[in-house]
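The primary structure of each chain is shown beneath.
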Amino acid sequence: MCSSDLIGPGVDPEVTAFLNGWKQYGPGGTVGTFAELGWGLTLTAAQVFKGATTITSSSALTALQSYTGSVVLGPSSVKCPGPAPYTATCGKNLTYYKIDNGKFVPTTTLS
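Predicted model only: the values in this text are computed from it and were never measured. (Residues numbered from 1 in each chain as written. Predicted model: local features only at pLDDT ≥ 70, side-chain atom pairs only at ≥ 80, totals over all residues. Heavy atoms only, no water.)

Undergrad: I'd like a description of the confidence of the model for the chain, backed by residues and values.
TA: Mean pLDDT over the chain works out to 79, with 85% of the residues at or above the 70 mark. Confidence, expressed as mean pLDDT per element, reaches its minimum in the chain at helix 1 (residues 3-6) with 50 and its maximum at helix 3 (residues 35-48) with 90. (pLDDT = per-residue confidence, 0-100. Helix = DSSP H or I, 4+ residues; strand = E, 2+ residues; numbered from the N terminus.)

Undergrad: Give a description of the packing of helix 2 (residues 13-25) against helix 3 that names residues and reports values.
TA: Contact geometry for helix 2 and helix 3: axes closest at 11 Å, N-to-C directions at 105°. Classified by the interaxial angle, the pair formed by helix 2 and helix 3 is roughly perpendicular. In this structure, helix 2 contributes Ala 17, Phe 18, Gly 21, Trp 22 and Tyr 25 to the contact, and helix 3 contributes Ala 35, Glu 36 and Trp 39. Taken together, the residues of the contact of helix 2 with helix 3 sort by class into six nonpolar, one polar and one charged. (Axes fitted to C-alpha atoms, helices over the stretch in contact; angles between N-to-C directions. Parallel < 35°, antiparallel > 145°, perpendicular 65-115°, else oblique. Contact = heavy atoms within 4.5 Å. Nonpolar A, V, L, I, M, F, W, Y, C, P; charged D, E, K, R; others polar.)

Structure, rendered in structure tokens:
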């Protein structure tokens, strides 16, 4: 099950853009397990490196560490490290989901 099974166009502009992109670039195919993640990471990387003419490992690290914008299909802002105890998330006010009786249930913690 993926997010396109749970919500559809019009619920969130980024989800709508993903679903429209899927129709354009993956017509007739099934959305894979990591399709949303790849879409979001690719578009976020474009924001992180916007205006760069050359990207080196050093400039990439600097750009990633200093980025505080939104993550496509993710949190509205990031700054690493994130709040304890989930410092690797680099985001605040995240919504996590648990599966309860076969349904996704939103929660604010991973416990």
